[in-house]
Amino acid sequence: MSKQNRFSPLWLALSAVVGIFIGTFYANHFGGTRLSIINSGTSKLQNLLHIIDDQYVDTVDVADLVEKAMPQLLSELDPHSVYISAKDKQSAEDDLRGSFSGVGIEFTIRKDTVRVQNVIKNGPSERAGLLAGDKIVTIDDSLFVGPKVTNEETIHRLKGPKDTKVNIGVLRYGERELRHFTVVRGEIPMHSVNAAYMLDEQTGYVRIKNFGENTYPELLIALAQLSQEGFTQLVVDLRGNTGGYLESATRIANEFLPKGRIIVYTEGRNSPRQDFVSDGRGIYQKMPLVVLIDEASASASEILAGAIQDNDRGTIVGRRSFGKGLVQKPIEFNDGSLMRLTIARYYSPSGRCIQKPYTMGSGKEYEEDLMVRYQHGEFFSQDSIHHTGPAYKTSIGRTVYGGGGITPDIFVAEDTTNYTSYYKEAIITGLLLQYGYEYTDQNRRQLSQYTSADGLADYLHRQRLVDKFVQWADGHGLKRRNLLVQRSHQLLERYLVARIVYTMLSEQEWIEFINRDDPTVVRAIKVLRQGEAFPKV
């Protein structure tokens, strides 16, 4: 008998055993109604999708099911691990990029119609002839009004590759005929430093709205301009700044810190500790500094504020910050979608983690934290701040706390003087904002004669804006209440004038206008004038 014939029975037996094993496996896992899926997370998910695709009563788009499941899956980890679909990825990244390709307008949606709020100077729309106040009625010769008009859909239709064309049809105030414009899309700059000016003869002010790709060079340019105006002390406003790139925040902190100071460090289960340390090359290491924060200051804002506070480099003024101390790593998928997965935590120089407490899967509770703070009175009283983390020490021994944002060195309560239920309802319903826009739209020709906030505000103060608003609002569901209107008259007028200044002039003019009597800015100036910017034990 040959060697091959001698081993044939053995091969047959082995083949039979393997066949029985494979048959049993598929019978147990995919046969009938039995779901004995092997107890492995990855395999379980794969097998679940296979079974749904194979056996579910109706036809299922598995790819669509996965798209819907991804955000839910990540939300079970922490509040900041997120999934971004391929179609939403561009929009999600545009705010932090130095520019994007579009038509160059700011718009608002009123009564299912896109209305041009501002036209960016020297942008594609201005060159084409569009004006603030125009109502966009058609885009690429298709009617674009009604329920389909959303922010997302408008952005989708107006953005596009550079040098491509979009045809826009608008109705201009006082005209009945449609005007048609062909706009050639171009690069639209996205500025992070949205205001830089002198508060007084010595005090410079810069406002940073986020930390994007170009924030650091933008800040250096702003500070160079302030240098020409002779500033010797500085206020950096981070209120409302929800964060952005870690690198931008650390590079800015480096400008103010002496050599060898920790700015921030990160560490996670599979992410070894990484220290970010100042190199001593900063130009403004000894300049008196005040940093403004509030409950909307988050992430990279808290890194900058924490670096200044823990190194006793400046004074933090305002209200307790948001409390986001988690590091996300972007991970792209082959289809262009993106996952931002939390891989580490931020730690300030003193060693505190500023991440506020959360429970896995409790996203709604986390999102409502600011409302809870408000209801507990934290915005109005420093004594209402509840510290959940341990105490730490700054470089000179001052006590700071972890576990829930940056607590300012000087607390400034939210100013609720003359707040009434009428004023609150006018804000919450959006009626004040809507009337401000409509008044601007109807009086744009007269308002356009004023090129400064002072001149425009002086004119508006003589126009009985509040009386006109109250009459208009009474016909739009907000009942006139004379005593409450009288009490909140100054607040109502200030809001309306500020919105009109923003629409008619610029974002910086608007910021300068609202800062004039802002309690936090006023307190910052006082700290600097009294020589108290550098903390003491």
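For every chain, the first residue of the written sequence is number 1, and numbering continues from 1 onward in sequence order. Only residues with pLDDT of at least 70 are given local features in this predicted model, and only at 80 or more are side-chain atom pairs given and counted; all residues enter the totals for whole chains, interfaces and linings. The side-chain numbers reported here are obtained from all heavy atoms of the structure, hydrogens and water having been left aside.

Regarding the packing of helix α7 (residues 215-228) against helix α8 (residues 246-254)
Selection criterion: As a rule, the C-alpha atoms of each element are fitted with a line to give its axis, helices using only the stretch in contact, and angles between N-to-C directions run from 0 to 180 degrees. In DSSP terms, a helix is any run of H or I states spanning at least four residues, a strand is any run of E spanning at least two, and both are numbered starting from the N terminus. Oblique is the label for any angle not covered by the other classes, which are roughly parallel (under 35 degrees), roughly antiparallel (over 145) and roughly perpendicular (65 to 115). Residue contacts follow a heavy-atom distance rule, with two residues in contact if any of their heavy atoms lie within 4.5 Å. Residues were grouped as follows: Ala, Val, Leu, Ile, Met, Phe, Trp, Tyr, Cys and Pro as nonpolar; Asp, Glu, Lys and Arg as charged; and all remaining residues, including Gly, as polar.
It is at 9 Å that the axes of α7 and α8 come closest, and there the two elements cross at 30 degrees. Judged on the interaxial angle alone, α8 and α7 are roughly parallel. Two secondary-structure elements touch here, α7 through Thr-215, Tyr-216 and Leu-219 and α8 through Ser-248, Arg-251 and Ile-252. For the contact of α7 with α8, the residue count by class is 3 nonpolar, 2 polar and 1 charged.

Things to note about the confidence of the model for the protein chain
Heads up, the rule is: The predictor rates its confidence in each residue with pLDDT, a number between 0 and 100.
When pLDDT is averaged along the protein chain, the result is 88, and 92% of the positions lie at 70 or above. Across residues 9-14 the pLDDT falls below 50, and counting only partners more than four positions away or on other chains, this stretch makes 0 contacts in the model. Note that pLDDT drops below 50 for residues 16-38; the model gives that stretch 23 contacts with residues more than four away or on any other chain.

Here's the deal with the pattern of salt bridges
The condition is simple: Salt bridge, as used here, is a side-chain nitrogen of Lys or Arg placed within 4 Å of a carboxyl oxygen of Asp or Glu. The rule is simple: take the accessible area with a 1.4 Å probe, protein chains only, and divide by the maximum for that residue type; under 20% is buried, over 50% is exposed, in between is partly exposed.
For the structure shown, the criterion picks out 22 salt bridges. A salt bridge links Glu-332 to Lys-89, with the shortest nitrogen-to-oxygen separation between them at 2.8 Å. Of the two residues, Glu-332 is situated in strand β17 (residues 326-332) and Lys-89 in helix α4 (residues 86-94); the sequence distance between them amounts to 243 residues. We classify Lys-89 as buried; its relative accessible area is 16%. Close ionic contact of Arg-373 with Glu-378 constitutes a salt bridge, the shortest N to O distance being 3.6 Å. An identical accessibility class is assigned to Arg-373 and Glu-378; each is buried.

Remarks on helix α19 (residues 507-515)
Along α19, the residues classified as buried are Trp-510, Ile-511, Phe-513, Ile-514 and Asn-515. Those residues of α19 that are buried are in contact with β10 (193-198), β11 (203-208), α15 (453-461), α18 (489-504) and α20 (519-529).

Observations concerning the environment of Asp-310
Test applied: In the analysis that follows, any N or O atom pair within 3.5 Å is treated as a polar contact, provided that within protein one partner can donate a hydrogen and the other can accept it, and provided that, for residues neighboring in sequence, both atoms belong to side chains.
Summarising the element assignment, Asp-310 is placed in helix α9 (residues 300-310). Not counting chain neighbours up to four residues away, the residues in contact with Asp-310 comprise Ser-348, Pro-349, Ser-350, Arg-352, Thr-394, Ser-395 and Val-400. Within the structure, Asp-310 has its side chain in polar contact with the side chain of Ser-348 (distance 2.5 Å). A distance of 2.7 Å separates the side chain of Asp-310 from the side chain of Ser-350, its partner in a polar contact.

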